[in-house]
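As a plain string of letters, each chain reads:
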Amino acid sequence: MKVVLFCGGYGMRMRSGAADDVPKPMAMVGPRPLIWHVMRYYAHFGHKEFILCLGYGAHHIKNFFLTYEETTSNDFVLRGGQTELLSTDIADWTITFAQTGIESPIGERLRRVRHHLGGDEMFLANYADVLTDAPLPEMIDKFSRRDAGASMMVVPPQSSFHCVELGDDGLVGGITPVSELPMWENGGYFVLRQEVFDHIPENGDLVADGCAQLAKSGRLVAHQHRGFWKPTDTVKERAALDDAYARGDRPWAVWERDDAKVGA
């Protein structure tokens, strides 16, 4: 299945200064940027046709792949001055680079790459800045057997704050961590049918317009995931993932775990 990645936003909370024009998906986690980790996740499950919806800082993403160095994350042999790779990351990937506008909302970015999907009924989509160990084959299989237009992965609330129950007299009746509330939030991993385009107006949004309209007609399903899921909306969150990578604590790298099982 083709994978549409939205990677054209400003990512203001990730920027370190006014001169920093690096888009959020290019923030580094270990030796590779976020977008690589997301793409590697999909490729591990056999989905290697990518459509990148570019916008702000597009040249950084283009240059990364145009000058891609396989030896950064693969073993190799140097023999007679020539490099012999023992494995590769992206040799069998197909990547379409599509400029979808600087100010375009997510839904409009998706509309602008629709022609790249061809006649595929189903496709995958992602924000390109969230890491997870979610069981993608299970998500796709469950959706394919449902009569629905879209599926979104949902996760428990991630806030570390607490909700306070107040009585009319101002007395606190209880305190509950937000993460323990019976609520779910959008996790950013979508399985979609082209039906979703019927509900996204010009300059519309994928979730607020497309998914919301499908929900009203009973054609939106959710995949509940309680496993690893980490966003990177801030410098602090990106740094935490980078530190975890350095410690070898990277549950999102499902390709490492499954490759280790094969070699055992």
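Our structure's up above, just so we're on the same page.
Residues numbered from 1 in each chain as written. Predicted model: local features only at pLDDT ≥ 70, side-chain atom pairs only at ≥ 80, totals over all residues. Heavy atoms only, no water.

Which residues make up the overall build of the protein chain, and what are the values?
The number of helices and strands found in the protein chain is seven helices and 15 strands. Dimensions along the principal axes, computed over C-alpha positions, put the protein chain at roughly 80 × 45 × 45 Å. Out of the 264 residues in the protein chain, the part that is buried amounts to 44%. Long-range contacts, defined here as pairs at least 24 residues apart, represent 74% of the contacts in the protein chain between residues at least 6 apart. Put simply, the protein chain shows about 13,300 Å² of open surface, and 51% of that area lies on carbon and sulfur atoms. Treating the 27 positive side-chain charges of the protein chain as one cloud and the 36 negative ones as another, the clouds have centres 2 Å apart. (Helix = DSSP H or I, 4+ residues; strand = E, 2+ residues; numbered from the N terminus. Buried < 20%, exposed > 50% of the residue type's maximum accessible area, 1.4 Å probe, protein only. Contact = heavy atoms within 4.5 Å. Areas by Shrake-Rupley, 256 points an atom, 1.4 Å probe, with all protein chains shown as cover. Lys, Arg positive; Asp, Glu negative; His and termini not counted. Charge placed at Lys NZ, Arg CZ, Asp CG, Glu CD.)

Before we move on, can you summarise the sheet that holds strand E7 (residues 94-99) with the specific residues and values?
Taking strand neighbours across the sheet as the criterion, the seven strands line up as E7-E4-E1-E8-E13-E10-E14 in an open arrangement whose pairing is mixed. What marks the edges here is a single partner per strand, and that holds for E7 and strand E14 (220-224). Taking the axes of each pair of neighbouring strands and ignoring which way they run, one obtains an average angle of 25° across the sheet. In this structure, strand E8 (residues 122-126) lies alongside strand E13 (residues 185-193), joined through five bridges in antiparallel fashion. In the strand pairing of E13, methionine 122 is matched with arginine 193. Helix H1 (residues 34-44) contacts strand E1 (2-7), strand E4 (49-54), E7, E8 and E13 of the sheet and is inclined by roughly 165° relative to E1. (Pairing = 2+ DSSP bridges. Axes fitted to C-alpha atoms, helices over the stretch in contact; angles between N-to-C directions.)

Kindly report on the pattern of salt bridges, identifying the contributing residues and their values.
Applying the stated criterion across every chain yields a total of 18 salt bridges. Among the salt bridges present, the one from aspartate 129 reaches lysine 24, with a minimum N-O distance of 2.9 Å. Of the two residues, aspartate 129 is situated in the loop between E8 and strand E9 (130-132) and lysine 24 in the loop between E1 and strand E2 (28-29); the sequence distance between them amounts to 105 residues. For the residue pair aspartate 129 and lysine 24, the accessibility class agrees, reading buried in each case. The closest approach of N and O atoms between glutamate 108 and arginine 111, which form a salt bridge, is 2.9 Å. With glutamate 108 and arginine 111 both in helix H3 (residues 106-112) and three residues apart, this pair spans about one turn of that helix. On the basis of relative accessibility, which here comes to 32%, the residue arginine 111 falls in the partly exposed class. Through salt bridges with shared partners, one network takes in Lys2, Glu49 and Asp120. (Salt bridge = Lys/Arg side-chain N within 4 Å of Asp/Glu carboxyl O.)

So what's going on with the pairing of strand E5 (residues 76-79)? Which residues, and what values?
When E5 meets strand E6 (residues 82-85), the two strands line up antiparallel, connected through four bridges. Looking at E6, one finds that valine 77 is bridged to glutamate 84.

Please give an account of the environment of serine 87 that cites residues and values.
As for its placement among the helices and strands, serine 87 is situated in the loop between E6 and E7. When the C-alpha positions of serine 87 and glycine 188 are compared, they lie 30 Å apart, and in sequence the two are 101 residues distant.

Could you give me a rundown of the environment of threonine 67, with the residues and numbers involved?
Mapped onto the secondary structure, threonine 67 falls in the loop between helix H2 (58-66) and E5. Of the residues examined, threonine 67 reaches a relative accessible area of 60% and is grouped as exposed. Taking the C-alpha atoms as reference points, threonine 67 and lysine 2, 65 residues apart in sequence, are found 23 Å from one another.

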